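Commentary on secondary and tertiary structure
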Amino acid sequence: MKIAVFSATLFLMLFAFHPLSAQQNDPASTVKKLFTLLDNPKSPVNKENQCFKEVDGLDILKLNKPYIKEYLNNLKNTGLFSPAYLAEKEKYYQQMEKDIKKEGYASGRDADEYTLSQDPPETKEIMEALQKSKPVISGNTATVPLSFKNRYKLIYKLVKVNNNWLINDIDASYPK
């Protein structure tokens, strides 16, 4: 009898909490988690500048190779980025290294890497846009479009890996 009551209670608890876990595993919640991390100055996601040992304006003169590995590992450990996204980031730093060897410098990014803007929206604006956003899911891929007042539209492309939505790419469109 005790086992039957325990089993029934466990089943009801799992059923009752299912919507909560499903809600936490939607594409928009992954993007929300990213911006929650970015809003924390101590977050390792905010430490990309440490990948650059020597800079001159936007030109990168020398890379901090040991930190690049740590930074990429930090991104991986967030559980928010797909293996393909992380591989592209690694290629980005490898290309920088080639450019530095060839030209003496590599061009740095002139916009925020997660909002693709020189004047990124505040976290509050991003969270408001996320609340209004309607993710489009097609099988194991999804897009989360974020629209900002007369500015531009951010498009987060996600893939489902091991039942988790992971950021695979970030794109933007600008008003004409």
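Residues numbered from 1 in each chain as written. Predicted model: local features only at pLDDT ≥ 70, side-chain atom pairs only at ≥ 80, totals over all residues. Heavy atoms only, no water.

**Section: the confidence of the model for the protein chain**
Confidence in the prediction of the protein chain, expressed as mean pLDDT, is 86, and 86% of residues score 70 or more. Low pLDDT, under 50, characterises residues 4-24; the predicted model gives this stretch 3 contacts beyond four residues in sequence or across chains. (pLDDT = per-residue confidence, 0-100. Contact = heavy atoms within 4.5 Å.)

**Re the pairing of strand S1 (residues 52-56)**
Note: S1 against strand S2 (residues 59-63), 4 bridges, orientation antiparallel. Bridging across to S2, Val55 finds its partner in Ile60. Taking the residues between adjacent antiparallel strands as the criterion, S1 and S2 are bridged by 2 residues, where Gly57 takes a positive phi near 65 degrees. (Pairing = 2+ DSSP bridges. Helix = DSSP H or I, 4+ residues; strand = E, 2+ residues; numbered from the N terminus.)

**Let's talk about the pattern of salt bridges**
The full count for this structure, using the stated rule, is 8 salt bridges. Among the salt bridges present, the one from Glu97 reaches Lys101, with a minimum N-O distance of 3.8 Å. Of the two residues, Glu97 and Lys101 are both situated in helix H4 (residues 83-103); the distance of 4 residues between them amounts to about one turn of the helix. Judged by its relative accessible area of 25%, Glu97 falls in the partly exposed class. By relative accessible area, Lys101 is classed as exposed at 67%. One salt bridge in this structure joins Arg109 and Glu113, with 3.7 Å as the shortest N-O distance. Connected through salt bridges with shared partners, the residues Glu48, Lys89, Arg109 and Glu113 form a single ionic network. (Salt bridge = Lys/Arg side-chain N within 4 Å of Asp/Glu carboxyl O. Buried < 20%, exposed > 50% of the residue type's maximum accessible area, 1.4 Å probe, protein only.)

**Comments concerning the packing of helix H2 (residues 27-38) against helix H5 (residues 123-132)**
Where H2 contacts H5, the axes come no closer than 11 Å and their chain directions differ by 175 degrees. The angle between the axes of H2 and H5 places the two elements in the roughly antiparallel class. Residues Ala28, Val31, Lys32, Phe35 and Thr36 of H2 lie in contact with H5, whose contacting residues are Thr123, Ile126, Met127 and Leu130. Looking at the contact of H2 with H5 residue by residue, the classes come out as 6 nonpolar, 2 polar and 1 charged. (Axes fitted to C-alpha atoms, helices over the stretch in contact; angles between N-to-C directions. Parallel < 35°, antiparallel > 145°, perpendicular 65-115°, else oblique. Nonpolar A, V, L, I, M, F, W, Y, C, P; charged D, E, K, R; others polar.)

**As for the layout of surface pockets**
Picture a little ball the size of a water molecule; that probe, rolled over the atoms, points out where space is still empty. If you add up the space inside the largest pocket, you get close to 340 Å³. Lining the largest pocket we find 18 residues, and of these Glu48, Asn49, Phe52, Arg109 and Glu113 sit closest to its centre. Its residues assigned to classes, the lining of the largest pocket shows 10 nonpolar, 4 polar and 4 charged. (1 Å grid on protein atoms, 1.4 Å probe; cavity = no way out; pocket = protein on both sides within 12 Å on 5 of 7 lines; lining within 4 Å. Points joined across faces, edges and corners; volume = space filled by probe spheres on them.)

**A look at the side chain of Ser82**
Structurally, Ser82 is set in the loop between helix H3 (65-78) and H4. Residue classification places Ser82 among the buried positions, given a relative accessible area of 1%. Of the polar contacts made by the side chain of Ser82, one reaches the side chain of Asn168; its length is 2.5 Å. With near-sequence residues (within four places) excluded, Ser82 lies in contact with Val159, Leu166, Ile167 and Asn168. (Polar contact = N/O pair within 3.5 Å; in protein donor to acceptor, adjacent residues only side chain to side chain.)

**Things to note about the environment of Ala172**
Of note, Ala172 is situated in strand S7 (residues 164-173). Residue Ala172 is classed as buried on the basis of its relative accessible area, which comes to 16%. Each C-alpha atom of the pair Ala172 and Ser147 lies 9.8 Å from the other, and the pair is 25 residues apart in sequence. When near neighbours in sequence (up to four residues on either side) are disregarded, Ala172 contacts Leu116, Tyr152, Lys153 and Leu154.

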